[in-house]
Amino acid sequence: MTGTSLIVGGAGFLGSHLSEKLLDNGHEVICVDNLGSGRLENIDALQSHPQYRLIEADIREEPELPPADEVYHLASRASPKDFTEFPVRIALTNTQGTRYLLEYAVEHDARLLYASTSEVYGDPEVHPQPESYNGNVNIRGPRGCYDEAKRFGETLTVAYRDRYEVDVRTARIFNTYGPRMRMDDGRVVPNFVTQALQGQDLTVYGDGSQTRSFCYVADLVDGLQELMETDGLGGEVVNLGRPEEATILQLAELTQEICDTDSEITHEPLPQDDPSRRKPDISRAIDLLDWEPEITLRDGLRRTIDSFDERLGDA
Ligand code: UDP
């Protein structure tokens, strides 16, 4: 399937990698981004492509948007550090912004992919997490603005599917990392990599026994494209992530090893509501999309370190 793809949040980490891939596959790409956490630097190489254009706009303000065949809704800050600084924007981008894009999909008869998150599972009591698990979210906690807004965003997708037959698919995206993450994004991979490359201590929050399952960005955007382009999935929700679990301490040690750094590990307090374990059950993605991540944590981390090293050298 080619045609015109509208990528909302297209200048962000995931959006820029996805745009590159869709252009390579012959799509026309319209990037919509308010350049809040998205960066022009991410799309520098794309701006001269004849099939690419950028519209600087914020979906919360309901901008007039050109017609497209498909819409990827990737707009939202996703780092816990940002939840403290931008809670209202994050809550509204995922609710009001989602409603606006669902209306757009009705008007233009477009297919929509909504980027939800593993955060809808909160601090999970079921492990690994299948899509059928309803989660354990603290709606009033520091992550509530993101977690609960994503949950309500999902509810809206179901309502628009039922009421207006919108062809909408939802991806629950687990921890993803790779080149183009903001260095000061605050999430664990950019923090550890930047710290190790600069000879600073790696800041492990808590004792580091909490786990995450890390997926390299190239694998993740393959999954997004499969989810968008597989027919007959209207209304479906699918976990996308790499089901190999690592403790945060193991991640710190692997980063130290690959960077061959003198940086030590220091411990800082564990933030409130930090999930203790997270690992996707991706049986549905395998069944429905024939998709599974291929890049190991060691390989992906090496590529990320190389690219951060280059950026630090350019800075
Ligand atoms: N973390 C850490 N040191 C850091 C940043 C994060 O130990 O400098 C931990 C954090 O407490 C969490 C895990 O790494 O347990 C993943 O955090 P991140 O912010 O990347 O994403 P989350 O999965 O929590 O949304």
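Up top you'll find the structure we're talking about.
Residues numbered from 1 in each chain as written. Predicted model: local features only at pLDDT ≥ 70, side-chain atom pairs only at ≥ 80, totals over all residues. Heavy atoms only, no water.

K.L.:
Describe the layout of surface pockets, naming the residues involved and giving the relevant values.
P.N.:
If you add up the space inside the second largest pocket, you get close to 150 Å³. Lining the second largest pocket, in full, are R39, E41, N42, D44, A45, R180 and R311. For the lining of the second largest pocket, the residue count by class is 1 nonpolar, 1 polar and 5 charged. (1 Å grid on protein atoms, 1.4 Å probe; cavity = no way out; pocket = protein on both sides within 12 Å on 5 of 7 lines; lining within 4 Å. Points joined across faces, edges and corners; volume = space filled by probe spheres on them. Nonpolar A, V, L, I, M, F, W, Y, C, P; charged D, E, K, R; others polar.)

K.L.:
Can you explain the pairing of strand β5 (residues 111-117)? Please cite residues and give values.
P.N.:
Every other side chain in a regular strand lies on the same face of the sheet, so the side chains alternate between the two faces. Along β5, 7 of the 7 residues are buried, which leaves the element largely enclosed by surrounding structure. Taking every second residue as pointing to the same face, both faces of β5 are buried, with R111, L113, A115 and T117 on one and L112, Y114 and S116 on the other. One ladder, built from 4 bridges, connects strand β4 (residues 70-73) with β5; its direction is parallel. Among the inter-strand pairings, Y72 is bridged to a residue of β5, identified as L113. (Buried < 20%, exposed > 50% of the residue type's maximum accessible area, 1.4 Å probe, protein only. Helix = DSSP H or I, 4+ residues; strand = E, 2+ residues; numbered from the N terminus. Pairing = 2+ DSSP bridges.)

K.L.:
Explain the site of the ligand to me, using residue names and the numbers behind them.
P.N.:
Around the ligand sit 18 residues in total, of which T203, Y205, R212, D274 and R278 are the nearest. Take N191: an N or O atom from its side chain is 2.8 Å from an oxygen atom of the ligand. Protein contacts shield 96% of the accessible area of the ligand, which totals 510 Å² for the unbound molecule. Taken together, the elements giving at least two residues each to the shell around the ligand come down to α7 (188-197) and β8 (202-205). By residue class, the composition of the shell around the ligand is 7 nonpolar, 5 polar and 6 charged. (Near = heavy atom within 4 Å. Polar contact = N/O pair within 3.5 Å; in protein donor to acceptor, adjacent residues only side chain to side chain. Areas by Shrake-Rupley, 256 points an atom, 1.4 Å probe, with all protein chains shown as cover.)

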